[in-house]
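The primary structure of each chain is shown beneath.
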Amino acid sequence: MSGVMGTGSVSAVSDVPVDVNPGRAARTGGRRLPTSVLVGAAIVGLMALAAVLAPWIAPHDPNALDFSAQLRPPSWSNWMGTDENGRDVFSRVLFGFRLDLAVVALITYLPLPVGLLLGAVAGYFGGWTETIIARIGDVMLSFPFMVLVIAIVGLVGPGLKGVMVGVLVVSWAFYARLARADMLVIKELPYMEACTVLGYSAPRAIFRHAIPNLVRNCFVFSTIDVMGNLLLLASVSYIGLGVQPPTAELGTIIAGGQPFLLNGWWVATLPGLFLVLFGVGLGLIGEGLSDQQHRRSGG
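The following refers to the structure shown. These figures come from a predicted structure and were not determined experimentally.

With that out of the way, let us pick up the overall build of the protein chain. The helix and strand tally for the protein chain stands at 12 helices and 0 strands. When its helices and strands are written in sequence order, the protein chain yields α-α-α-α-α-α-α-α-α-α-α-α. The buried share of the protein chain, taken over its 299 residues, is 47%. If you sum the accessible surface of the protein chain, you get close to 14100 Å²; carbon and sulfur atoms cover 68% of it.

As a working rule, side chains carrying opposite charge can pair if their charged atoms are close by. A complete count under the given rule lists 4 salt bridges for this structure. A salt bridge links Arg 135 to Asp 138, with the shortest nitrogen-to-oxygen separation between them at 2.8 Å. Of this pair, Arg 135 and Asp 138 both sit in helix H6 (residues 127–142), separated by 3 residues, roughly a single helical turn. Judged by relative accessible area, which is 44%, Arg 135 ranks as partly exposed. Residues joined in a network through salt bridges with shared partners are Arg 135, Asp 138 and Arg 177.

Considering all chains together, one arrives at 7 aromatic pairs under this definition. For the pair Trp 265 and Trp 266, a centre-to-centre distance of 5.7 Å together with 80 degrees between the ring planes defines the contact as edge-to-face. For Trp 265, a relative accessible area of 41% puts it in the partly exposed group. According to the relative accessible area criterion, Trp 266 is buried, its value standing at 5%. An aromatic cluster is built from Phe 97, Phe 274 and Phe 278, whose rings are joined through pairwise contacts. The residue whose ring lies beneath Arg 204 is Tyr 200, and the NZ or CZ to ring-centre distance is 3.8 Å.

One way to put it is that helix H2 (residues 35–52) packs onto helix H4 (residues 89–109) with a least axis distance of 8 Å and a crossing angle of 105 degrees. Classified by the angle between their axes, H2 and H4 sit roughly perpendicular to one another. The segment H2 lies against H4, with Met 47, Ala 48, Ala 50, Ala 51 and Val 52 engaging Leu 94, Phe 97, Arg 98 and Leu 101. Taken together, the residues of the contact of H2 with H4 break down into 8 nonpolar, no polar and 1 charged.

Under the 1.5 Å per step criterion, the end-to-end length of helix H7 (residues 145–156) is 17 Å for 12 residues, consistent within 8% with the ideal 16 Å. Listing the buried residues of H7 in full gives Leu 148, Val 149, Ile 152 and Val 153. Buried residues of H7, seen end-on, are gathered within an arc of 135 degrees and therefore sit on one face of the element. Turned more than 90 degrees from where H7 packs its buried face, Val 147 and Gly 154 sit exposed. Packing partners of the buried residues in H7 comprise helix H8 (160–186) and helix H10 (202–238). Where H7 terminates, the next one or two residues include Gly 157, which has phi positive at roughly 100 degrees.

Time to look at the environment of Val 89. Among the structural elements, Val 89 can be located in helix H4. Given the relative accessible area of 2%, Val 89 is considered buried.

Before going further, it helps to examine the side chain of Ser 237. Following the sequence through the fold, Ser 237 ends up in helix H10. Of the residues examined, Ser 237 reaches a relative accessible area of 4% and is grouped as buried. Of the polar contacts made by the side chain of Ser 237, one reaches the side chain of Glu 249; its length is 3.2 Å. In this structure, Ser 237 is in contact with Gly 242, Val 243, Glu 249, Gly 251 and Thr 252, ignoring residues within four places of it in sequence.

About the thresholds
Residues numbered from 1 in each chain as written. Predicted model: local features only at pLDDT ≥ 70, side-chain atom pairs only at ≥ 80, totals over all residues. Heavy atoms only, no water. Helix = DSSP H or I, 4+ residues; strand = E, 2+ residues; numbered from the N terminus. Buried < 20%, exposed > 50% of the residue type's maximum accessible area, 1.4 Å probe, protein only. Areas by Shrake-Rupley, 256 points an atom, 1.4 Å probe, with all protein chains shown as cover. Salt bridge = Lys/Arg side-chain N within 4 Å of Asp/Glu carboxyl O. Phe/Tyr/Trp six-rings, centres within 6.5 Å; stacked < 30°, edge-to-face > 60°. Lys NZ or Arg CZ within 6 Å of the ring centre and 35° of its normal. Axes fitted to C-alpha atoms, helices over the stretch in contact; angles between N-to-C directions. Parallel < 35°, antiparallel > 145°, perpendicular 65-115°, else oblique. Contact = heavy atoms within 4.5 Å. Nonpolar A, V, L, I, M, F, W, Y, C, P; charged D, E, K, R; others polar. Expected span 1.5 Å × (residues − 1). Arc of directions from axis to C-beta. Polar contact = N/O pair within 3.5 Å; in protein donor to acceptor, adjacent residues only side chain to side chain.

The structure is reproduced here in structure tokens:
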């Protein structure tokens, strides 16, 4: 199973004379990142950098109205054209993507350590501890994700708060399930058995020797989760339950351009392609890291 051997950050129990050394095994798998990871990182990095620097590099005010420049096609002065209110689409995309990235980073990487820890504890101890954590996770995952988020948005009102609460309530369970499955394998390996023989405490075995080998698979999955959460945020905003106008956000920009597909196709199409390009970059990173992990684990 991928993720068993982990990374070189855990070199093995330094004071344990065992033959299995996860760190050494990982190093023999090669240090060079796959080309797909480098290409994906370049795409994601450049787009994220552009979003972070939006206040300085955006050519126009994203909310500035100019009714004399309505629905202008892409040009040197307006790279993605203008919308029905004469606002520069490219500037709005940069600011909207900036907001989306901040929210998505929070709702993706805040649940990750929670789910990782709960999954590691469940897999290590087993018994009633595993049963309780696994059943709670199953309950969270049994609800249709989008429906649950919309229901919570309906309770707390439109805006980012409902989306963030809905995702945080559920998404930890994905990481917990993944970490638990890997932990069931890892705890049977010689270096983990050596921890038990030498009388190491459970917290030391879990935090120092198990979790560093579990985190890689969770991180690989998070590259997919980032894109899923980004699409979720855009989808909720698209139907009017997320970020509210006039705040720039990719979903609201695409939704606003839908009525003008025939005479202003660029308003909805180009922001959509921007989102697709970011997804391609994340996919390349995730695929490359997954393949590398598979090779290292001997698969």
